[in-house]
Amino acid sequence: MKTKIIFVAFTLLFMSCSEEPKLILFSPESFAFSLDNGWEVNASVNAKGFAQIEKENSELYYTHLTYSVNLFTPEDSIYNADYNSIIDSTDEEIMDIQIETQLEIDNGFVKGNYTVEFIVEDKYSSTKDTLSTKFVLE
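This report concerns the structure included in the present document. Fair warning: this is a prediction, and the values are worked out from it, not measured in the lab. (Residues numbered from 1 in each chain as written. Predicted model: local features only at pLDDT ≥ 70, side-chain atom pairs only at ≥ 80, totals over all residues. Heavy atoms only, no water.)

**Description of the sheet that holds strand S6 (residues 96–106)**
The strand order across the open sheet formed by 3 strands is S1-S2-S6, and the pairing between neighbours is antiparallel. Edge positions in the sheet fall to strand S1 (24–35) and S6, since each has one partner strand and no second. Shown here is a sheet whose adjacent strand axes are inclined to one another by a mean of 15°, direction ignored. (Pairing = 2+ DSSP bridges. Helix = DSSP H or I, 4+ residues; strand = E, 2+ residues; numbered from the N terminus. Axes fitted to C-alpha atoms, helices over the stretch in contact; angles between N-to-C directions.)

What follows is the structure, given as structure tokens:
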């Protein structure tokens, strides 16, 4: 009986340590500054919990994230305003990655409240997360 309890406790401990990766976005930021013919919008989020694989005969850890950015204006929704992949390799596992976008919008955009939405997918674990950040054009 005592052996069975120890085995169950060990199994639970092992299962809690070998958790599947789950992508989480955090710390969104955005701002816009005026240009001669419009605005430059800068936005970012941080990602953690993504899978990192170590390929055979390599001492490198590989990460593969893809993202798309939507821009929601007071008058319209612009889907896929930006999109890209982050394919990275490092000699150590990393805790998080910053994902940034830079958009230029012309003077035709009205003043008001805007939202930048990041949709990020971890290609190795097939997990996905979405996070938004707001800014104001004045």
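The discussion continues.
**Focus on the environment of Leu-23**
Looking at the secondary structure, you find Leu-23 in the loop between helix H1 (2–17) and S1. Classification of Leu-23 by relative accessible area gives buried; the value is 1%. Taking C-alpha positions, Leu-23 is 4.8 Å from Phe-50, a pair spaced 27 residues apart along the chain. Setting aside residues up to four positions removed in sequence, Leu-23 forms contacts with Ala-47, Lys-48, Gly-49, Phe-50, Leu-65, Val-120, Glu-121, Asp-122, Thr-127, Lys-128 and Asp-129. (Buried < 20%, exposed > 50% of the residue type's maximum accessible area, 1.4 Å probe, protein only. Contact = heavy atoms within 4.5 Å.)

Don't take any of this as a statement about function, it's just geometry.
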